[in-house]
Amino acid sequence: MSAGKPPARDGSTEFSRNPLFVKIRSQVSSGLGNQRQVAAWTLAAVEAAIREKNESLSPAAYFLVLMIFVREQAEAAARDAERLQVLLATFYLLSIVCKRVEAKFMRFQSETTREAIGRALELHIDQAPLVRAAIECYQALLIAQDNNSWSSNHVVKKTYNQLLRLTLDARPKVRKAAHDSIAYILQCPPPPTRFHPATVTTIDFITSNLSQSDRVRFPSNVDFATVSDQKQSSAASKNDQGHQMAFYLLAFLSCIAISLAKQAAHPKSKSKMTALIECLIKLPVKSTSAGKVYLTQAVFESLLVLVTGKKRSISVEGEDDELKGDEERGDLSGESALPSYLDHASIDYLIRALLEIQPFYNDPKLIPTWLELVGTCYVKLASAVAAASADRSITSPVTQQYVAETYPALLALVFEKIFSPLFGKGNHPAVMSRAAATFSTIIEFCVSEHMLNDAESHVAMAQEDASLDEAPPPLIFIIRTINKGFGLRCKDAWGHILRITESLFTTLGQHEPELIRGTLNQVLEFRDAEDYGSEFPFKHEVESALQAALQSLGLETFFLIAPLNIENEFPGLPRRPYLLTLASKALERPVSGFYSQHSLRYFADATLDVLARRMYTRSVEAMTSGKQVEAKLFETLLVQVWDLLPKMCATVPRDVADSFDSLCKVIKPLLMAPVEEALGGVPSGYINVRNQICSALGKLVEMYFKIANMGSSKSDDSDDEDSESDDGEANEAEIQIAQKGLTKLKEHVNWFLNVLCNHYTTIPSHLLLKLGDKGLTLQILEQENVRYGQAIHQFLKIAEEKAISSYFLNLVRTLLQNQSSSKGGSQRTAADTVNDMRMYAIMDLLLILLPKLPTSTSAGKNNPHQLYFKVLSGQLANPDPTMQKKTYKSLSVLIPSLQHSELSQLGALLADSEVISGTSPGAKRPRLRTFSVFVEAVIAIPQPREIIMNFAPQVLAEVILGTKETNERARFSAFDCLLGLARAMYSLGGVGQVDDDVEMGDEEASTETRQPSLAEFILMVSAGLVQGASPHMQSATITCLGRLLFEFRAELGEGLTRELLTTVMETMSVPSSANNREIIKAFLGFVKVVVVCLSAETLSEFLPAICESILRYSRDHKSHFKAKVRHLFERLIRKCGYDTVFAHIPESDQKLLNNIRKRRERLKRKKLENSRESGAGRNADSDDEGVAGGAGGIEEVKERMRRERQREYDEAVHGSESELGSDDDAGDRMDEDDDHSWLPEPFESQSRVKSKGSQRIREDQQEVLDFLSDNVVSNVTYVGPSRQESAKGGLQKGLPTSADGRVIIEDDEPSEMQTEEQATAQEDFYRQTITGEGAFTRTPDGRIKFIHKDAGKKRARDDDEEGKSGGGLGSGRWGAVKGGPKKKAKGQLDDGAVKKMLGGQYKAKKAKGDVKKAGMPDPFAYIPLSTNLMGKKKRATRAIGQFKAIVAAARSNSEVGEDNKGARAASQRKGINKQNKRHK
């Protein structure tokens, strides 16, 4: 039974149409007798009995008739097998009906129902199907009871007890059904209470039977189990029966443990749960002594669920539990998961009992579960102790003593008893992995504040008195125990112990560094070892532990314990430059809280001012001395030091208010001058640390600004109770720290803004050499200015408004001055290029400052918005494409701040013919985007009619043509602008009407007499269809009209829609338009939109003209639009009906519609068959799409709405693909694949789907395919196999199948000879001859020449070393990677492998070359397969010539075939040349 609410009880007459009943009725002709019994007889008889009484087919009627059948058939079924089948069918139907009967009716029928079902169970307990159905009936009966019935009705109690006894049935299915039913009952307590009255009864049942499991076979009150007892083996002992019953009870407990844990806090069940836990904890001793380990495992799992109140995830033996340990630590750290019935005394008892019954330490089955249970109990105990000690005023002295003494001692006890055995030599990996996760959890969550105080006091006393001889506190004992784990005895478990050490560093590092100094030194010893890089197997764990220590201790404390010692300042310590890399990774780890432990003063003074400067000096000195490698080494260290700055600032150090001045002393000179000037000397390469400085400053301002503003937003979010983490809300002290730091940052903001803005607008010296390539120089400049821009953006958050306005005005005046002094002419000098670059940077900087610019009420030169608008107005006619793009981008941001007069002036400038003609292609998209922003701003001002009516007609042609731009984003911007203009006209005048005297397409009507409306705008757009317009313009106009029709289909009236369709159809009737493929393509897309948007009635008026037009296009243009037309007819048929469309089709084209009709019918039949196969009652797939919530601002909401509308239009246009299969010819399929070519352009890219072709190799059955031949290309094809090939079985040869369609694969056991041949074939001998250790080649005289020199000596030397080493564990320093025999490397040959290679058996022992062997074929020579021989005729001939002498000697029966130098060789070369000539 699935958990949840009880099913809804349906009492309507439609119950007979229940999907289960429908399925049962369909089994009348089933081959199974029980199904026919239920369907043909029982269900039919029940429904006939109900109809005879003129009752409706309701659940109650079914229930009453079925109960009559039960009473009548129960006695008779014990003697008659046929009646037994009827009774089984009756119970099956009854289990279905009971769940749907009303609760009130079930309570009324409780006594009679229980009596009838109970009597049937007594007589037929051996029938498992009947018992399972009866359990479901009992479940429905008990779910229907209210609270009073559970407390006073003895029938209910008796029924529940009977259900409890069935949980001990020996039949698994019956037992599982009873478990699920009780679990479901307990999860549905009678309202309005949350505590189920049967919980106490259930706990008592489990506890009493568990306590008796070692003394009796089964409880005496089990009256149903006699039959199942008889089925068991007669040789089973009494103890086995008791353990079996205990196992049944534990399985039952694991099923209901979550429900018991949730209801155990009730006063009635709290003591019962404690008794149950005490009973469970005693069971492992009994089960283990009897050898029943599985019971111990079940006990641990049940206790784990009872303690946590959650289901335990199943783990696989041997699996690394590191991730599971992390999840455990995250899940168990909260107090919400703590069941309130477990106080600290109960958990203490449970922990001590678990430690007493510890399983064998190397048992991979029991130990992981036991460790998980122990760790969970410790975390729960820590939460209980923290809750008890939170308020000492109300805590009893006993509890205080427990927190101060008993609890720390118990924490140390687990380390004392199990730490060393679990990490011993040879332990199972799963055991050590779970142990590491458990101990890490204990250290991370269970170390109390009292334990830390005691440990700190002990360390302080030990520093004062070195001879202190008293027992260490528990925390010190735990640390020492972990340190002992780094001995050689636990070397196999060092990786797991290092994980524990990582948790130790994270927990204790920020409290008392002296506690972990010894542990840190031991980890550093691993890292500082000479053979660390080659042999140490736990590098990742060591680095992770050191990173945790760096982040927890802070850089200052860590480097005091472990200095870098790069220049050997401490002769007795190793050099540790690797710590810089570890520090870089450590600073990326998450920080607990808002602030880290790092000190900004230390980093500025000791790291940047001392270490970085010293590394720079050493680099310069080495470069001067000619030591380039050493110079590069120190330069790398310098870069690593500066790379730490932004990462350290991202961790938010808390001493910014006190230490930011120290940081400024270091970074300000570097921002003012280059590195070589600020630090002195010339480095080995170009070093730029300004990127790191800008990133660090931006991080500091961003984080401190965020924390400081939490105080103001705290009251707004006080009602929000969803808190994902403890770090989600800052307290008052943390907010005050952020505010003080922000105040310090504000003192330097003006200086930083001046310097950063100056750098942003200055061309670096290294870019002046690349002025020849202006595009590349501009790209590099924009990339380098990214960091400056980010820092400026963050500083603008805390800068004063007056300062921002001052910076902005200065930059605008610089632009205005440059605009007035610019010179014309075609010749451009380098100085002009540098000036252009600077102007580009100023434009980008103004775009950063503009959103932060305060609103100014002044006018004239002191108003930054007006002055900037004046500058941008003058730059609209600038011929520079880059300046045009930046001008339009700035206008898009500035327009919302302009006044009425300025907007009117801007509208005239944007529509100016000189500006339009001078617009570069790259500026099309920002210009169209500016149009959209301009229209939105105009609508927001009062009296926008005049501006809109003057602006729209002048730019509309440009907007329409913009929908045909090659750039996709430019097309989308054009469509957005088109819709923006349409909405503006609609908001001003509604839909409106077109004057009778003015026809669509008439562009000479005066705009002064027109009123703004949607109809007027459509009239303006349709002017692009007039005679004389270019096909490009006409196709764009048709596409725009289709988009307007789709967007405003609800607003347009029937008259305007008819007029729009008439205009388009008349345009297509003109021969010049009807014969242009570009216009036809747009028209077909327009028809798609019309079919989707309009109703069938409106569409029927234009159906003859549409059918005539699209049929004509299917015949013209080489049938290019044939498939598209067929898709349109499919749409029309779905919309208007087949007969309506067929009436307008000429007789010559009616075959097309007949084909569509047949394909539609075929598709319907196929869908019907698929639905029948899938079964009745299947739920349809839901297409609900969740809309992302949250307030993202007005712009974000608008953008989301625009994308949704775009998606809808995309679906309307692209959703007209054929759904009727693909049984046409190849040409039609090719047209379907190319269907995107005729869609409106802004949607083509989203509809293209690349088709994946399948390649195959054509082979001849008689000859082997030669892959080295030039003809191999003809054997690779995309064409499918022919019918002849399929008939031959070359590609379609199938496997034998059984009668039910399953594939039969014969698995014959190969003979020994076949097995040896297959094993030999798996080795690639030829590859070994050319790449292996014994690889060789043959000289022209047939001798063997080894490729690798001293191959034989090396094999002998390796064999000697392998014999001397002897293998074994611990031969290396770390002992974890040296053990065992050496594995053979890839391509390496074993001893004697040369003899097995191709031709190796003919190799002579002493002489060079091959020898003949008795009883074996003669040796032969071959041409080596090499790609170098392909494609070059002379090269191939030369390879053949190498073996010519050998072939000649073999023909003459000569034993020697040597290619002697002299005339013989010359004659051979001459012969080769002749062959080449003949070949040519």
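Residues numbered from 1 in each chain as written. Predicted model: local features only at pLDDT ≥ 70, side-chain atom pairs only at ≥ 80, totals over all residues. Heavy atoms only, no water.

1. Focus: the overall build of the chain
Selection criterion: Secondary structure is summarised from DSSP: a helix means a run of H or I of at least four residues, a strand means a run of E of at least two, and numbering begins at the N terminus for each. Residue exposure (1.4 Å probe, protein chains only): buried if accessible area is under 20% of the type maximum, exposed if over 50%, otherwise partly exposed. What makes two residues a contact is simply this: any of their non-hydrogen atoms within 4.5 Å.
Along the backbone of the chain there are 67 helices and four strands. Counting the 1480 residues in the chain, one finds 45% classified as buried. In the chain, 72% of the contacts between residues at least 6 apart in sequence involve partners at least 24 apart.

2. So, helix α41 (residues 881-894)
Where we set the bar: For a helix, the expected span equals 1.5 Å multiplied by the residue count minus one. Here a polar contact is taken to be a pair of N or O atoms separated by no more than 3.5 Å, where protein atoms must pair a possible hydrogen donor with a possible acceptor and residues adjacent in sequence count only if both atoms sit in side chains.
The first and last C-alpha atoms of α41 sit 20 Å apart over 14 residues, in line with the 20 Å expected at 1.5 Å per residue. Within the span of α41, buried status applies to Met-883, Gln-884, Lys-886, Thr-887, Tyr-888, Ser-890, Leu-891, Ser-892 and Leu-894. Buried residues along α41 sit in contact with α37 (774-798), α39 (830-849), α40 (864-875), α42 (900-910), α43 (913-917) and α44 (924-940). Structurally, the start of α41 carries an N-cap: the backbone nitrogen of Thr-882 is 3.3 Å from a side-chain oxygen of Asp-880.

3. Describing a positive patch on the surface
As a reminder of what qualifies: A patch consists of residues whose relative accessible area exceeds 30% and which take part in no salt bridge; residues with like charges are grouped when within 9 Å of each other, and nonpolar side chains (Val, Leu, Ile, Met, Phe, Trp, Tyr) when within 5 Å. Only the protein chains shown count as cover for residues, and all accessible areas are computed by the Shrake-Rupley method using a 1.4 Å probe. When a carboxyl oxygen of Asp or Glu lies within 4 Å of a side-chain nitrogen of Lys or Arg, that pair is called a salt bridge. Note that His is not counted, nor are the chain ends; the positive residues are Lys and Arg, and the negative ones are Asp and Glu. By convention, charge coordinates are those of NZ in Lys, CZ in Arg, CG in Asp, or CD in Glu.
On the surface, Lys-885, Lys-889, Arg-925, Arg-929 and Arg-969 cluster together to form a positively charged patch. Listed by contribution, the elements that provide at least two residues to the positive patch are α41 and α44.

4. Considering the pattern of salt bridges
Close approach of charged atoms allows side chains of opposite charge to pair. Under the criterion given, the structure shown has 25 salt bridges. Here Lys-176 makes a salt bridge to Asp-180, at a shortest N to O gap of 2.8 Å. One end of the pair is Lys-176 and the other is Asp-180, both in helix α10 (residues 172-187) and four residues apart, which spans about a single turn. Here Asp-348 makes a salt bridge to Arg-352, at a shortest N to O gap of 2.8 Å. Here Asp-348 and its partner Arg-352 are both found in helix α17 (residues 344-356), four residues apart, which amounts to about one turn of the helix. Under the relative-accessibility criterion, Asp-348 is labelled buried at 11%. Judged by relative accessible area, which is 34%, Arg-352 ranks as partly exposed.

5. Here's the deal with the nonpolar core
For clarity, the cut-off: What we call a nonpolar core is a set of buried Ala, Val, Leu, Ile, Met, Phe, Trp, Tyr and Cys residues that are connected through their side-chain atoms within 4.5 Å.
Counting residues in each nonpolar core, the largest one holds 366 residues, and the members touching the most others are Phe-439, Trp-642 and Phe-1129. Ranked by the residues each element gives to this core, the list is headed by helix α7 (residues 128-143), at twelve residues. Each residue touching Phe-439, except ones within four places of it in the same chain, is listed here: Val-414, Phe-415, Ile-418, Phe-419, Leu-422, Phe-423 and Ile-500.

6. Considering the packing of aromatic side chains
Each aromatic ring pair is summarised here by two numbers: the centre-to-centre distance and the angle between the ring planes. Cut-off, in case you're wondering: Centres within 6.5 Å make a pair out of two Phe, Tyr or Trp rings, where for Trp the six-membered ring is used; the pair is then stacked when the planes are under 30 degrees apart, edge-to-face when over 60, and tilted otherwise. Only Lys NZ and Arg CZ are tested; either one counts as a charge over a ring when it is within 6 Å of the ring centre and within 35 degrees of the ring normal.
One pass over the structure, following the stated rule, counts 24 aromatic pairs. Through a chain of ring-to-ring contacts, three or more aromatic side chains come together here, namely Phe-486, Trp-494, Phe-526, Tyr-532, Phe-536 and Phe-538. Sitting over the ring of Tyr-532, Lys-539 keeps its end group 5.9 Å from the ring centre. Over the ring of Trp-751 we find Lys-668; its NZ or CZ atom is 4.7 Å from the centre of that ring.

7. Considering the packing of helix α29 (residues 600-624) against helix α31 (residues 656-672)
In a packed pair of helices, the relevant descriptors are the angle between the two axes and the axis-to-axis distance. Counted only if it meets this: What counts as an axis is a line fitted to C-alpha atoms, over the stretch in contact for a helix, and the angles between N-to-C directions run from 0 to 180 degrees. Angles are sorted into four bins: roughly parallel if under 35 degrees, roughly antiparallel if over 145, roughly perpendicular if 65 to 115, and oblique for all others. A crossing counts as left-handed when the near helix is turned anticlockwise from the far one by less than a right angle, and as right-handed when that turn is clockwise. Following the grouping adopted for this structure description, the nonpolar residues are Ala, Val, Leu, Ile, Met, Phe, Trp, Tyr, Cys and Pro, the charged ones are Asp, Glu, Lys and Arg, and the polar ones are all others, Gly among them.
Relative to each other, α29 and α31 sit at 20 degrees, their axes nearing to 7 Å. When the axis of α29 is compared with that of α31, the two are roughly parallel. Every pair of crossing elements has a handedness; the one defined by α29 and α31 is left-handed. Contacts from Leu-600, Arg-601, Ala-604, Asp-605, Leu-608 and Asp-609 of α29 reach α31 at Val-656, Asp-658, Ser-659, Phe-660, Ser-662, Leu-663 and Val-666. Grouping the amino acids of the contact of α29 with α31 by side-chain chemistry returns seven nonpolar, two polar and four charged.

8. A word on the environment of Leu-796
You can see Leu-796 is positioned in helix α37. In this structure the C-alpha to C-alpha distance between Leu-796 and Val-701, which are 95 residues apart in sequence, comes to 9.8 Å. If we skip the residues at most four places from it in the chain, Leu-796 touches Leu-753, Ile-804, Ile-848, Leu-849 and Lys-852.

9. As for the packing of α7 against α10
Between α7 and α10, whose axes approach to 9 Å, the crossing angle comes to 5 degrees. Relative to α10, the element α7 is oriented roughly parallel. Residues Ala-128, Val-131, Arg-132, Ile-135, Gln-139, Leu-142 and Ile-143 of α7 form the contact with α10, whose own contacting residues are Lys-173, Val-174, Ala-177, Ala-178, Ser-181, Tyr-184 and Ile-185. Grouping the amino acids of the contact of α7 with α10 by side-chain chemistry returns ten nonpolar, two polar and two charged.

10. Looking at the environment of Ile-842
With respect to the element layout, Ile-842 can be found in helix α39. Along the sequence, Ile-842 and Phe-808 sit 34 residues apart, while their C-alpha atoms lie 9.9 Å from each other. For Ile-842, the residues in contact, after removing those within four places along its chain, are Thr-761, Leu-811, Thr-814 and Leu-815.

11. As for unusual backbone geometry
With omega at 10 degrees, the peptide bond leading from Pro-191 into Pro-192 counts as cis. If you trace the backbone, Pro-192 turns up in the loop between α10 and α11 (198-211). Positive phi, normally seen in glycine, also occurs at Val-652, with a value near 65 degrees. Within the secondary structure layout, Val-652 lies in the loop between α30 (628-650) and α31. Judged by its relative accessible area of 2%, Val-652 falls in the buried class.

12. Quick notes on the confidence of the model for the chain
Worth spelling out the cut-off: The predictor attaches a confidence to each residue, and that confidence, scored 0 to 100, is pLDDT.
Looking at the chain as a whole, its pLDDT mean stands at 75, while 68% of the residues score no less than 70. Taken as a whole, residues 1282-1294 scores under 50 in pLDDT and shows nine contacts with residues more than four places along the chain or in a different chain. Note on residues 1307-1323: pLDDT under 50 across the span, and three contacts to partners over four residues away in sequence or across chains.

13. Describing the environment of Glu-1051
Position of Glu-1051 relative to the elements: it lies in the loop between α48 (1031-1047) and α49 (1054-1069). C-alpha separation for the pair Glu-1051 and Val-991, spaced 60 residues apart in sequence, amounts to 6.8 Å. The contacts of Glu-1051, once residues within four sequence positions are left out, are Tyr-986 and Val-991.

14. Brief notes about α40
With twelve residues, α40 extends 17 Å from end C-alpha to end C-alpha; this agrees with the ideal 16 Å at 1.5 Å per step. With nine of its twelve residues buried, α40 lies for the most part within the structure. Every buried residue of α40 is accounted for by Pro-864, His-865, Leu-867, Tyr-868, Phe-869, Val-871, Leu-872, Ser-873 and Gln-875. Looking at the buried residues of α40, the elements they touch are α38 (801-821), α39, α41 and α42. In this structure Asn-863 caps α40, since a side-chain oxygen of it lies 3.0 Å from the backbone nitrogen of His-865.

15. Quick word on the side chain of Ser-662
Here Ser-662 is to be found in helix α31. Setting aside its immediate chain neighbours within four residues, Ser-662 contacts Arg-601, Ala-604 and Asp-605.

16. Some words on the side chain of Ser-659
Along the chain, the position of Ser-659 falls in helix α31. The residues contacting Ser-659, other than those within four sequence positions of it, are Leu-600 and Arg-601.

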